[in-house]
Amino acid sequence: MSRLVYVLNGPNLNLLGKRQPHIYGHETLADVERDCQVLAAELGLQIRFHQSNRECEIIDWIHQARETAGGIVINPAAFTHTSVAILDALNTFDAPVIEVHISNVHKREEFRHRSFVSLRADGVIAGLGTQGYQLALRRLARLIDEKAA
Ligand code: CA2
């Protein structure tokens, strides 16, 4: 299986570390990307790290991943709770998907408790801060290794 992993981030996550640090912490998305790249190299993964405020762009990256990737880590941000289109796109992807949320969505407003993406995700990480991305990459590396064995 391909060792290429897409790490996809939804709307407003470009503001990470710049607003609401009490909820999302002090790390910027550039910090998260750097940490993911370092870990990916250790795990023998290659990553494509993207963020968009546009649903269609996220869907296009999922379509690209269908052709090339062995897994997807996705924090769909607010699209988590609204987007059947992202769920449909993920349902066309045959390899593992891990959903990540920096905050514990279950401790927050009721509308954040429902996730369309969780209907497809093989695993969900919430409330572990930005470390959740690294844990998701470790899990994907394990799944890819197991499949290759
Ligand atoms: O906890 C998460 O990772 C979320 O996916 C973040 C989304 C939110 O809509 C989800 O319910 C949970 C919001 C992302 C917005 O990110 C910001 C970061 C810093 C400042 C402002 C927004």
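Attention now goes to the site of the ligand. Contacts to the ligand come from 17 residues, most closely from Asn75, His81, Ile102, Ser103 and Arg112. At 2.7 Å from an oxygen atom of the ligand is found a side-chain nitrogen or oxygen belonging to His81. Between the ligand and the protein, one listed contact pairs an oxygen atom with a side-chain N or O atom of Arg112 at 2.9 Å. Calculation on the ligand without its partners gives an accessible area of 500 Å², and the protein chains cover 94% of this total. Classifying every residue of the shell around the ligand by side-chain character gives nine nonpolar, six polar and two charged.

Looking now at unusual backbone geometry. One non-glycine residue, Asn12, lies in positive phi territory at about 75°. Secondary-structure assignment places Asn12 in the loop between β1 (4-9) and α1 (21-24). In this structure, Ala77 takes a positive phi of about 55° despite not being glycine. Position of Ala77 among the secondary structure elements: in the loop between β3 (71-75) and α4 (84-90).

Across the sheet, which stays open at both edges, the five strands sit in the order β2-β1-β3-β4-β5 with parallel pairing between neighbours. Looking at the sheet topology across the chains shown, the edges are occupied by β2 (46-51) and β5 (123-126). Mean inter-strand twist for the sheet, computed between neighbouring axes without regard to direction, equals 15°. Of the pairings in the sheet, the one linking strand β4 (residues 97-101) to β5 comprises four bridges and is parallel in character. Directly across from Val100, in β5, lies its bridge partner Ile125. Strands β1 and β2 of the sheet are contacted by helix α2 (residues 29-43), whose axis makes an angle of about 170° with β2. Relative to the sheet, helix α5 (residues 131-148) contacts β1, β2, β3, β4 and β5, its axis offset from that of β3 by approximately 160°.

Turning next to the pattern of salt bridges. A full pass over the atoms with the stated rule returns seven salt bridges. Two residues, Arg34 and Asp31, come together in a salt bridge whose shortest N-O distance is 3.5 Å. Of this pair, Arg34 and Asp31 both sit in helix α2, three residues apart, roughly one helical turn. By relative accessible area, Arg34 is classed as partly exposed at 45%. The exposure class assigned to Asp31 is partly exposed, which follows from its relative accessible area of 21%. With a closest N to O distance of 3.0 Å, Arg34 and Asp35 form a salt bridge. Each of the salt bridges in this network shares a partner with another, and the network as a whole consists of Asp31, Arg34 and Asp35.

Conventions used here
Residues numbered from 1 in each chain as written. Predicted model: local features only at pLDDT ≥ 70, side-chain atom pairs only at ≥ 80, totals over all residues. Heavy atoms only, no water. Near = heavy atom within 4 Å. Polar contact = N/O pair within 3.5 Å; in protein donor to acceptor, adjacent residues only side chain to side chain. Areas by Shrake-Rupley, 256 points an atom, 1.4 Å probe, with all protein chains shown as cover. Nonpolar A, V, L, I, M, F, W, Y, C, P; charged D, E, K, R; others polar. Helix = DSSP H or I, 4+ residues; strand = E, 2+ residues; numbered from the N terminus. Pairing = 2+ DSSP bridges. Axes fitted to C-alpha atoms, helices over the stretch in contact; angles between N-to-C directions. Contact = heavy atoms within 4.5 Å. Salt bridge = Lys/Arg side-chain N within 4 Å of Asp/Glu carboxyl O. Buried < 20%, exposed > 50% of the residue type's maximum accessible area, 1.4 Å probe, protein only.

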